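Take a look at the letters that make up each chain.
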Amino acid sequence: QVQLVESGGGLVQAGGSLRLSCKIRGIILSVFTGNAMDWYRQVPGKQRELVATLETGGGTNYVDSVKGRFVISKDNTRRSLYLDMNDLKPEDSARYYCKHRFYRDVWGQGTQVIVSS
């Protein structure tokens, strides 16, 4: 059974940085590398927002609001997805979730990011 386990969130002042991690347990390498992966974020009562995408070929896409500040990456050996967040702003506050596109219906518990001004 595949599990997505997010970690690394916390409370940080505006302008600070955090690295979010997503460990995907129970996945084999060929599946891990064979599909795009994403980071989403959600504020209670609001729609979930796609923040960053890592394509299978290494290409990346970001929502305009985080371009130049966030970097999505992965480690195949560790079966992990990362989101490096820099120059954080209060509007980045949300619960962040990772997604492996092979497992469309599988979500983790997310990790909370709170940016204070």
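Residues numbered from 1 in each chain as written. Predicted model: local features only at pLDDT ≥ 70, side-chain atom pairs only at ≥ 80, totals over all residues. Heavy atoms only, no water.

Enquirer: Lay out the pattern of salt bridges in plain terms, naming residues and giving numbers.
Expert: Two side chains that carry opposite charge are able to pair once their charged atoms sit near each other. In the structure shown here, the tally under the stated rule is seven salt bridges. The residue Arg 69 makes a salt bridge to Asp 92 at a minimum N-O spacing of 2.8 Å. With Arg 69 in the loop between strand S6 (60-62) and strand S7 (70-75) and Asp 92 in the loop between strand S8 (80-85) and strand S9 (94-100), this residue pair connects regions lying 23 residues apart in the sequence. Several salt bridges share partner residues, and in doing so they unite Arg 41, Glu 49, Arg 69 and Asp 92 into one network. (Salt bridge = Lys/Arg side-chain N within 4 Å of Asp/Glu carboxyl O. Helix = DSSP H or I, 4+ residues; strand = E, 2+ residues; numbered from the N terminus.)

Enquirer: Residues and numbers for the state of the cysteines, please.
Expert: Summed over the entire model, instances satisfying the criterion amount to one disulfide. Each sulfur in the disulfide pair Cys 22 and Cys 98 lies 2.0 Å from the other. Disulfide Cys 22-Cys 98: torsion about the S-S bond near 55°, hence right-handed. Taken together, the positions of Cys 22 in strand S3 (residues 18-25) and Cys 98 in strand S9 put the pair 76 residues apart, joining distant regions of the chain. Of the two residues, Cys 22 and Cys 98, both sit in the buried class. (Disulfide = S-S within 2.5 Å. Buried < 20%, exposed > 50% of the residue type's maximum accessible area, 1.4 Å probe, protein only.)

Enquirer: Please give an account of the side chain of Asn 35 that cites residues and values.
Expert: Within the secondary structure, Asn 35 sits in the loop between helix H1 (29-33) and strand S4 (37-42). Here Val 31 takes part through its backbone oxygen, which lies 3.1 Å from a polar atom of the side chain of Asn 35. Each residue touching Asn 35, except ones within four places of it in the same chain, is listed here: Thr 56, His 100, Arg 101 and Phe 102. (Polar contact = N/O pair within 3.5 Å; in protein donor to acceptor, adjacent residues only side chain to side chain. Contact = heavy atoms within 4.5 Å.)

Enquirer: Could you give me a rundown of unusual backbone geometry, with the residues and numbers involved?
Expert: Positive phi, close to 55°, is recorded for Arg 79, a residue that is not glycine. Within the element layout of this structure, Arg 79 appears in the loop between S7 and S8. We note that Asp 87 has phi near 50°; this positive angle belongs to a residue other than glycine. Mapped onto the elements of the fold, Asp 87 is located in the loop between S8 and S9. The class of Asp 87 is partly exposed, set by a relative accessible area of 41%.

Enquirer: Describe the sheet that holds strand S1 (residues 3-7), naming the residues involved and giving the relevant values.
Expert: With antiparallel pairing, four strands are arranged side by side in an open sheet as S1-S3-S8-S7. Each having just a single partner strand, S1 and S7 make up the two edges of the open sheet. Put simply, the sheet's adjacent strands are angled 15° from each other on average, direction ignored. In the sheet, S7 pairs with S8 via six bridges, with the strands oriented antiparallel. For Phe 70, the partnering residue across the bridge sits in S8 and is Met 85. (Pairing = 2+ DSSP bridges. Axes fitted to C-alpha atoms, helices over the stretch in contact; angles between N-to-C directions.)

Keep in mind these values describe shape, not function.
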